[in-house]
Amino acid sequence: MIFGKIAGQNAAHPKDDIAEVNVPSPKHEKPLKPRPLDSDIKKEEFPTGSEQYIGKSTKGMGDEIVVRVTADKQKNQNQTKRTNSA
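Residues numbered from 1 in each chain as written. Predicted model: local features only at pLDDT ≥ 70, side-chain atom pairs only at ≥ 80, totals over all residues. Heavy atoms only, no water.

Trainee: Help me get a handle on the overall build of the protein, residues and values and all.
Mentor: The secondary structure content of the protein amounts to three helices and two strands. Counting helices and strands in the order they occur from the N terminus, the protein gives α-α-β-β-α. Of all 86 residues assigned to the protein, the portion counted as buried reaches 0%. In the protein, the share of contacts with a sequence separation of at least 24, taken over all contacts with a separation of at least 6, comes to 0%. Surface summary for the protein: the accessible area is close to 9100 Å², and the carbon and sulfur share equals 56%. (Helix = DSSP H or I, 4+ residues; strand = E, 2+ residues; numbered from the N terminus. Buried < 20%, exposed > 50% of the residue type's maximum accessible area, 1.4 Å probe, protein only. Contact = heavy atoms within 4.5 Å. Areas by Shrake-Rupley, 256 points an atom, 1.4 Å probe, with all protein chains shown as cover.)

This is the structure we're talking about:
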């Protein structure tokens, strides 16, 4: 923590010897067109079997997420019975 305190104090002091930097002016060229991502171009196929379903979402942090869910009628029925009888 002491290093952070010292660094903060040093950063807060006025600087006398600030060097001038010559930054070249940007060239006026046509801006590049944004390219779509490869994942947006190609059609992805996700195989499913009996009682399997695909879910996709782009609402989270980062890229798209794809999940494959397998439903089990027996387990789902048992869970429903326990929930209803409670």
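Trainee: I'd like to hear about the confidence of the model for the protein, residue by residue, with values.
Mentor: With 78% of its residues at a pLDDT of at least 70, the protein reaches an overall mean of 76. Ranking the elements of the protein by mean pLDDT puts helix α3 (residues 73–85) last, at 63, and strand β1 (residues 52–57) first, at 90. (pLDDT = per-residue confidence, 0-100.)

Trainee: So what about a nonpolar patch on the surface? Which residues, and what values?
Mentor: There is a patch of nonpolar side chains on the surface, built from Tyr53, Ile65, Val67 and Val69 and spanning about 380 Å² of accessible area. When residues in the nonpolar patch are grouped by element, the largest group, three residues, is from strand β2 (residues 65–70). Examined against the element boundaries, Val69 turns out to sit in strand β2. (Patch = residues over 30% accessible without salt bridge, like charges linked within 9 Å, V, L, I, M, F, W, Y side chains within 5 Å. Salt bridge = Lys/Arg side-chain N within 4 Å of Asp/Glu carboxyl O.)

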